[in-house]
Amino acid sequence: MKTQVGIIGAGPAGLFLSHLLNQHGIESVILEARSRAYAEGRVRAGVLEAGTINTLNNLGLGDRMNREGLVDNGLDMRFRGRTIHLDLPGLTGRSVKIYGQQEVVKDLIAARLESGDPLIFDAEVIRLEGLDSDAPRIHYRHEGIEKTLDCLFVAGCDGFHGIARAAVPEGLIQTYTREYDFAWLGVLAHAAPMADMTYTNHDRGFALCSRRSMSISRLYLQVPLSDTQEDWSDSRFWDELHTRMFDGNGQEIQEGKIFQRDIARLRSYIAQPMQYGNLFLAGDAVHIVPPAGAKGLNMAVADVRVLCRSMAAFFSTGSRAGLDRYSAECEQRIWKTIRFSVHLTGLLHRFNEHTPFERGTQLAELEHIASSESAQRMIAEQYVNLSDVAD
Ligand code: RFL
Ligand code: PHB
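What counts and how
- Residues numbered from 1 in each chain as written.
- Chains lettered and ligands numbered in written order.
- Predicted model: local features only at pLDDT ≥ 70, side-chain atom pairs only at ≥ 80, totals over all residues.
- Heavy atoms only, no water.
- Helix = DSSP H or I, 4+ residues; strand = E, 2+ residues; numbered from the N terminus.
- Buried < 20%, exposed > 50% of the residue type's maximum accessible area, 1.4 Å probe, protein only.
- Contact = heavy atoms within 4.5 Å.
- Domains from an automatic or database assignment.
- Buried area = accessible area lost by both parts, 1.4 Å probe.
- Salt bridge = Lys/Arg side-chain N within 4 Å of Asp/Glu carboxyl O.
- Polar contact = N/O pair within 3.5 Å; in protein donor to acceptor, adjacent residues only side chain to side chain.
- Near = heavy atom within 4 Å.
- Areas by Shrake-Rupley, 256 points an atom, 1.4 Å probe, with all protein chains shown as cover.
- Nonpolar A, V, L, I, M, F, W, Y, C, P; charged D, E, K, R; others polar.

1. Remarks on the side chain of Ser-268
Residue position: Ser-268 is located in strand E17 (residues 257-272). The exposure class assigned to Ser-268 is buried, which follows from its relative accessible area of 5%. With sequence-adjacent residues up to four places away left out, Ser-268 is seen in contact with Tyr-176, Thr-177, Arg-178, Tyr-180, Ile-288, Pro-290, Ile-338 and Val-342.

2. Topic: the domain arrangement of the chain
The domain architecture assigned to the chain consists of domain 1 (5-71 + 96-177 + 267-349) and domain 2 (180-266 + 353-381). Between domain 1 and domain 2, the C-alpha centre-to-centre distance is 29 Å. Contacts between the two partners involve 23 residues from domain 1 and, on the opposite side, 26 residues from domain 2. Regarding the contact of domain 1 and domain 2, the summed buried area is about 2,100 Å², with carbon and sulfur atoms giving 64% of it. When the area that domain 1 buries against domain 2 is broken down by residue, the three leading residues are Leu-347, Leu-348 and His-349, summing to 31%. In this assembly, domain 1 and domain 2 are joined by zero salt bridges.

3. Quick notes on the environment of Thr-317
Take Thr-317: it is sitting in helix H8 (residues 296-317). Separated by 2.7 Å, the side chain of Thr-317 and the backbone oxygen of Ala-313 make a polar contact. At a separation of 3.0 Å, a polar atom in the side chain of Thr-317 contacts the main-chain amide nitrogen of Ser-319.

4. What about the site of ligand 1?
Ligand 1 sits among 33 residues. The nearest are Glu-32, Arg-42, Arg-44, Gln-101 and Asp-284. A distance of 2.7 Å separates an oxygen atom of ligand 1 from a polar atom in the side chain of Gln-101. The contact in question runs from a nitrogen atom of ligand 1 to an N or O atom on the backbone of Ala-294, over 3.0 Å. Considered on its own, ligand 1 offers 1,100 Å² of accessible surface; in the complex 89% of this is hidden by protein. Secondary structure elements with two or more residues in the shell around ligand 1: helix H1 (12-23), strand E9 (123-129) and H8. Looking at the shell around ligand 1 residue by residue, the class counts come to 16 nonpolar, nine polar and eight charged.

Listed below in structure tokens is the structure:
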């Protein structure tokens, strides 16, 4: 098989890239290691920035998001039993949208399959060859048979544990990492959500109340890395959430049947440069942020918008200039997004290594934000827009 762009991974990065390339008449093949059901069932992000919303709309694929997505105008932060309300449109003129990543993925997959363009599930890429030549080859396994895909460019959109980043020869890529020694236990529950997205910093740890619809809540608790799902019965989860949210009489947060759970560890990570020869890396394959800023999906979309623009310029003019600038064009935006996510994580979580002194300064920062509109605006403007790029 032969194509112009071989895309590894049908997560948000790979799927958005395929549709963007298609708009420019550029052919691609997507190879996805997992099944369609698995790719569509993975519960992850929920907050879409304007850049992501506009991209989906410009592709003509935003109908369901516009019907079912929820506009989010408020971001609340609680501490010491008080609530800081960030009025996002009032502070920034913008808001964000809540629409589950798996819904975005379902919409992108359905449109791709309908167009008849190749998206092959259960096709695990096992080896990459000739990345520094003008004829790279992707080796993958499908239905028990080893096959190859020849292409001009390879897009490594295969997430943090993918194969593409590892295919870059040692020493040519620099990585920067910060690991956290806690995780997020996330659940979906059939329960009416709180009116606003609410983050809390409690002595017992961080918690977050988000939503997926007017009857489905998406809820998170900071938990030790050693915890498993079995450690958290439904009643223990709800009790802890009420406590951390300062919901003293248990009336504010609606309980309901928990129907999905996951535990995700937190890390910050960036690999640079995002290119090696004709391999281009995008999304979680090259950067991870802790989820407190709700940025991972939005960053992935911003990356592939830049990548598509560079590839489109190559196919129309033959110039590699845009392709060679791809990484440099993305890096500052990514570092700014990492900084914001790390800052919010530091502001809102309990750290084992914190002394009472550091806990004091953390709470003092929350006091400052509560009393300063400029401090609120600084957070709000990064929350609503760090991932917009020129198309
Ligand atoms: P993905 O989604 O991991 O997709 C990569 C795909 O590549 C496939 N793959 C392979 N395919 C073929 N051959 C191989 N050898 C392969 N190896 C891997 C995988 O099967 C997979 O399908 O990466 P992508 O596309 O870069 O997308 C990134 C986002 O998924 C991620 O950044 C976000 O989910 C992060 N995130 C959030 N982002 C937001 O913008 N807003 C949020 O509100 C938000 N909340 C979150 C989050 C991530 C979370 N977790 C689970 C870490 C909340 C949580 C709890
Ligand atoms: C979510 O709705 O899943 C969500 C919201 C805000 C975050 C992370 C995840 O910071």
